[in-house]
Amino acid sequence: MSEVFEPKIVAFVCTYCTYAGADLAGTSRLKYPSNVRIVRLPCTGRISPMFILKALQKGADGVLVSGCHPGDCHFDHGNYHARRRWTVFNSLLQFAGVPEERVKFSWISAAEGIKFAELIRDITEDIRKIGPFEEYHTLIAETGSAAPL
Amino acid sequence: MAKIGVFVCHCGENIAAKVDCTKLTAAMESHPGVSIATEYKYFCSDPGQESIKKAIVEQGLTGVIVAACSPRMHEATFRKACAAAGLNPYLCEIANIREQCSWVHSDGDEATEKAIEITRSLVEKVKRNNELQPILVPVTKRALVIGGGIAGIQAALDIANAGGEVVLVEREASLGGHMAQLSETFPTLDCSQCIMTPRMVEAAQHPNIRLLTYAEVEKVEGFIGNFHVRVKMKARYVDMYACTGCGDCIQKCPQKKISAEFDCGLANRPAIYTPFAQAVPNKPVIDRQHCTYFKNGKCKVCQKVCQTNAINFDMEDEYLDLEIGAIVVATGFQIQNTSLYGEYGYGRYPDVVTGLQFERLASASGPTGGRIARPSDGKEPETVVFIQCAGSRDPSKGVSYCSKICCMYTAKHAMLYAHKNHHGTSRVFYMDIRAAGKGYDEFTRRAIEEDGAGYIRGRVSKLWEENGKLMVRGVDTLLGRPVEVPADMVVLATAMVPQPDAKEFAKTLGIGCDEYGFFNEAHMKLRPVETATAGIFLAGACQSPKDIPDSVAQASAAASKVLALFSREKLEREPIIAMNNEATCSGCWGCVLACPYNAIEKKDITDRAGNLIRRVASVNPGLCQGCGTCVTFCRSNSIDLAGFTEKQIFAEVMGL
Ligand code: SF4
Ligand code: SF4
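Please read all numbers here as calculations on a predicted model, not as lab measurements.

**Student:** Can you walk me through the packing of helix α7 (residues 150-161) of chain B against helix α8 (residues 192-205) of chain B in this structure?
**Tutor:** For any two helices packed against each other, one specifies the crossing angle of their axes together with the interaxial distance. Residue and element names in this part refer to chain B. Contact pair α7 / α8: the axes reach a minimum separation of 10 Å and the direction vectors enclose 50°. Judged on the interaxial angle alone, α8 and α7 are oblique. When the axes of α7 and α8 are compared, the crossing they make is left-handed. Here Ile150, Ile153, Gln154, Leu157 and Asn161 of α7 lie close against α8, whose contacting residues are Met196, Arg199, Met200, Glu202 and Ala203.

So this is what it looks like as structure tokens:
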């Protein structure tokens, strides 16, 4: 393959911290790869494992879940729930054969525009390296399960 | 059928320079469900908004997407415009193609492709949006202030003076809190009683303040504007209305040797007592635990001497249910248990006292009438050693934080001592002097320069008795050598800690507290007097160590928040809240555990005859803040979050 593989990455973020951090990266005109698509939610506590599956089903090669730092959650402790859930769900994903590198979790505050840009750069680079999520696409193609809403 | 309008904003060059807006518009135009897609230089401008309104009316749009800047910037603007055109504002969504697209990507093609996906995914979402109505909640214009120290009194007075109704609850028999115990106060050395008692009286007599002393808040339910509070009125065994406060009973009570809390154990009180002479209200209570009658069934001396028949041994605790709109928590602090520091000899040597005990010794209304005397023999001490940071800034044994007031009160103690015992010597062991406040540094300098307080920088390692003297050994870190000071009295600047029941009380209130038990503010910098629970505010040392000026300032701030709330008849809240499907809910209460706001209640489902069939979760719209944590938790998919439903998010993801 001569052409660089451009992965599709879906990021589920909370509106108070990471979304604001991404906005800050924007107002600071920081450059990062365009591979990421952001889905805004009130709180990481709202991020259901189903969203991650849906994103993979839709063809995402990587998924990012990001919210407020511990102790900073606008909703007191939604992010702790998110982290616990993600930890458990991640082992299930791995068990099911989804490589660990495909689903990432991080904390980005509203002040961390630079960190956001770096994170997206890193993730994109990582996923580029491991290549497209062919196994999953093949599986979906074979089982014929489309992506119903 | 969906009729979506897509409005692509150029934002001048900000978007148009990178994103091919014409291509984006064309892509949207052909997207299923889209009736109209247009582009314009500035949609946030007046003509821009007008054109959106016009399109809504002319095309009969069922949803609007504005592809523009961050929703954090203009979501409100565009939702308002939609509402003005008769479209429910929650049928409008913003696709962020500026902050998260044109500004951060260098390649125009990539940016355009991404902008198309972002916008398309929101079109898919908005097709599934529902009309939502803002939630209106009425406001009960009555505040509850918990704690009758200086912070609580200040908050209560500020609210009451502005015309608000206040219920002030104090768990002790009198208002006053710790401030009433102090001698003179820094940095002006005015007598605490002189400035405190008039405020206590003012609070007690204020027509807008209902004062409940010897009372405790037992239960808090409800939500901002609509709290239901249960207060326990502890039995005083003295009829407040009949009692004239003459004090005959206090005189005659045979129990005389009960250690007086107000005097920090330096004096005694009887079983029927008022905490101190200037108590407000000045009516006694019977301390059931020490009363001879309650112990042996015989005595009732107080009842016999009382001319007004105010004593009633049959009295019981009573409960009061109150409707409250806002709550100010001002429950104050305690001082740390000094026995943690065995090396300082507290409890072992009677002449090792705490700072608060020293306050009582120095106070004109205290057990010695203001004479600074040794508890052991009543003699005036020739040398007093003050040990700062006794518990503070010591993660190994005490607490990690700085108690903030000790540097100042120790300087004050050294001054008071110099003013009263002219030949005395004082030595202060300190770590560093933290005197940040108006007139504070000048004050500590005065203690050193004018009143001869000898400051030694270093911690004390050991304290023992030798030939009738207390020997204090420490290290002078400036001279780099150990020092030993023989003293007649030692004063420990004990750490300020939260009330012992603070963590439990935080649960009652539904607010958070830190690892120590100080109540958490909503935001340390920008919302320092609010808590994460709307309608509950903080004042004074229950939040963190504070001195009087800080406590008073915060109390007034809390009062102003309460008054702002009371200036409204109804509160309007975003309808982004959880909704439960009672038909599928299995009553597992997973959501109840997950909700950070205790917003989920258990509801009984009964048949026509009123028999309980099952219990299900029910979301209280007043309490729910819309985080959606419960939704993710629910195993039976019963709860959903308005504005961010499963369907909406799935559609958004599939639209990418
Ligand atoms: S959305 Fe959040 S605040 Fe509302 S009920 Fe669910 S968990 Fe509680
Ligand atoms: S988690 Fe779901 S099923 Fe369980 S009580 Fe809550 S709403 Fe009902």
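Still to come is the rest of the account.
**Student:** Can you help me understand the site of ligand 1 in this one?
**Tutor:** Lining the immediate environment of ligand 1, one finds 15 residues, of which Cys595(B), Cys624(B), Cys627(B), Gly628(B) and Cys630(B) sit closest. Taken together, the residues of the shell around ligand 1 sort by class into 11 nonpolar, four polar and no charged.

**Student:** What's the story with the site of ligand 2 in this structure? I'm lost.
**Tutor:** As a matter of local geometry, ligand 2 sits amid 13 residues, with Cys585(B), Cys588(B), Trp589(B), Cys591(B) and Cys634(B) nearest to it. For the shell around ligand 2, the class distribution of residues is seven nonpolar, six polar and no charged.

**Student:** Explain the sheet that holds strand β21 (residues 383-390) of chain B to me, please; I cannot follow it from the model alone.
**Tutor:** Strand pairing in a sheet relies on backbone hydrogen bonds, with the paired strands running either antiparallel or parallel. All names here are of chain B. Taken together, five strands build an open sheet; the order of strands is β20-β27-β21-β22-β23 and the sheet is parallel. Each edge of the sheet is formed by a strand with only one pairing partner; in this case those strands are β20 (352-354) and β23 (454-457). Across this sheet, the average inter-strand angle for adjacent strands is 25°, counted without regard to direction. Bridge analysis of strand β22 (residues 425-430) against β23 gives four bridges, and the strand direction is parallel. If you follow Phe429 over to β23, its bridge partner there is Ile456. Contacting β20, β21 and β27 (489-494), helix α12 (residues 355-362) crosses the sheet at an angle of about 90° to β20.

**Student:** I'm lost on the pairing of strand β25 (residues 469-476) of chain B in this one. Help?
**Tutor:** A regular strand places its side chains on the two faces of the sheet in alternate fashion. Residue and element names in this part refer to chain B. In the sheet, strand β24 (residues 460-466) pairs with β25 via six bridges, with the strands oriented antiparallel. Within β25, the position partnered with Lys462 by the bridge is Arg473. Between β24 and β25, which follow one another and run antiparallel, lie two residues, and Asn467 among them has a positive phi close to 50°. The pairing of β25 with strand β26 (residues 481-487) spans seven bridges and is classified as antiparallel. Of the residues in β26, the one forming a bridge with Leu470 is Ala487.

**Student:** When you look at helix α1 (residues 18-27) of chain A in this model, what are you seeing that I'm missing?
**Tutor:** An α-helical turn contains 3.6 residues, so any two residues separated by three or four positions project in the same direction. All names here are of chain A. Here α1 lies mainly inside the structure; eight of its 10 residues are buried. Every buried residue of α1 is accounted for by Thr18, Tyr19, Ala20, Gly21, Ala22, Asp23, Ala25 and Gly26. Where α1 terminates, the next one or two residues include Arg29, which has phi positive at roughly 55°.

**Student:** Please explain the sheet that holds strand β4 (residues 92-96) of chain B as it appears in this structure.
**Tutor:** All names here are of chain B. Judged by pairing direction, the sheet is parallel, and its four strands sit side by side in the order β2-β1-β3-β4 without closing on themselves. For this open sheet the edge positions go to β2 (34-40) and β4, each flanked by a neighbour on one side alone. With strand direction ignored, the average angle separating the axes of adjacent strands in the sheet is 15°. In the sheet, strand β1 (residues 4-9) pairs with strand β3 (residues 63-68) via five bridges, with the strands oriented parallel. Paired with Val8 across the strands is Ala67, a residue of β3. Across the sheet, helix α3 (residues 46-59) is in contact with β1, β2 and β3; its angle to β2 comes to roughly 165°. Across the sheet, helix α6 (residues 108-127) touches β1, β2, β3 and β4, and the angle it forms with β4 is around 165°.

**Student:** Can you help me understand the domain arrangement of chain B in this one?
**Tutor:** Buried accessible area, meaning the area lost when the parts come together, often serves as the stated size of an interface. All names here are of chain B. Considered domain by domain, chain B is made up of domain 1 (4-127), domain 2 (142-234 + 317-333 + 498-567), domain 3 (248-305), domain 4 (335-497) and domain 5 (578-655). Each of domain 2 and domain 5 was reduced to a C-alpha centroid, and the two centroids are 34 Å apart. Opposite the four residues of domain 2 that make contact, domain 5 presents five residues. Summed over both partners, the interface of domain 2 with domain 5 buries about 400 Å², with 60% contributed by carbon and sulfur atoms.

**Student:** What exactly am I supposed to notice about the UniProt feature "domain: F420-non-reducing hydrogenase iron-sulfur subunit D" (unreviewed entry) in chain A here?
**Tutor:** Feature annotation in UniProt assigns "domain: F420-non-reducing hydrogenase iron-sulfur subunit D" (unreviewed entry) to the following positions: residues 9-131 of chain A. Here residues 9-131 of chain A is 46% helix and 19% strand, with 12 Å between the C-alpha atoms at its ends.

**Student:** Please explain unusual backbone geometry as it appears in this structure.
**Tutor:** Excluding glycine, residues mostly carry a negative phi; peptide bonds, for their part, are mostly trans. All names here are of chain B. Pro187 follows Phe186 through a cis peptide bond whose omega is -5°. Here Pro187 is to be found in the loop between β8 (184-185) and β9 (190-191). Val280 connects to Pro281 through a cis peptide bond whose omega is 0°. Relative to the helices and strands, Pro281 is located in the loop between β15 (272-273) and β16 (285-286). The backbone of Trp589 shows a phi angle near 65°, a positive value even though the residue is not glycine. When you line up the elements, Trp589 lands in the loop between β31 (578-580) and α17 (590-594).

Cut-offs applied
- Residues numbered from 1 in each chain as written.
- Chains lettered and ligands numbered in written order.
- Predicted model: local features only at pLDDT ≥ 70, side-chain atom pairs only at ≥ 80, totals over all residues.
- Heavy atoms only, no water.
- Axes fitted to C-alpha atoms, helices over the stretch in contact; angles between N-to-C directions.
- Helix = DSSP H or I, 4+ residues; strand = E, 2+ residues; numbered from the N terminus.
- Parallel < 35°, antiparallel > 145°, perpendicular 65-115°, else oblique.
- Left-handed = near helix turned anticlockwise from the far one by under 90°.
- Contact = heavy atoms within 4.5 Å.
- Near = heavy atom within 4 Å.
- Nonpolar A, V, L, I, M, F, W, Y, C, P; charged D, E, K, R; others polar.
- Pairing = 2+ DSSP bridges.
- Buried < 20%, exposed > 50% of the residue type's maximum accessible area, 1.4 Å probe, protein only.
- Domains from an automatic or database assignment.
- Buried area = accessible area lost by both parts, 1.4 Å probe.
- UniProt positions renumbered as here; feature names shortened; annotations may be inferred.

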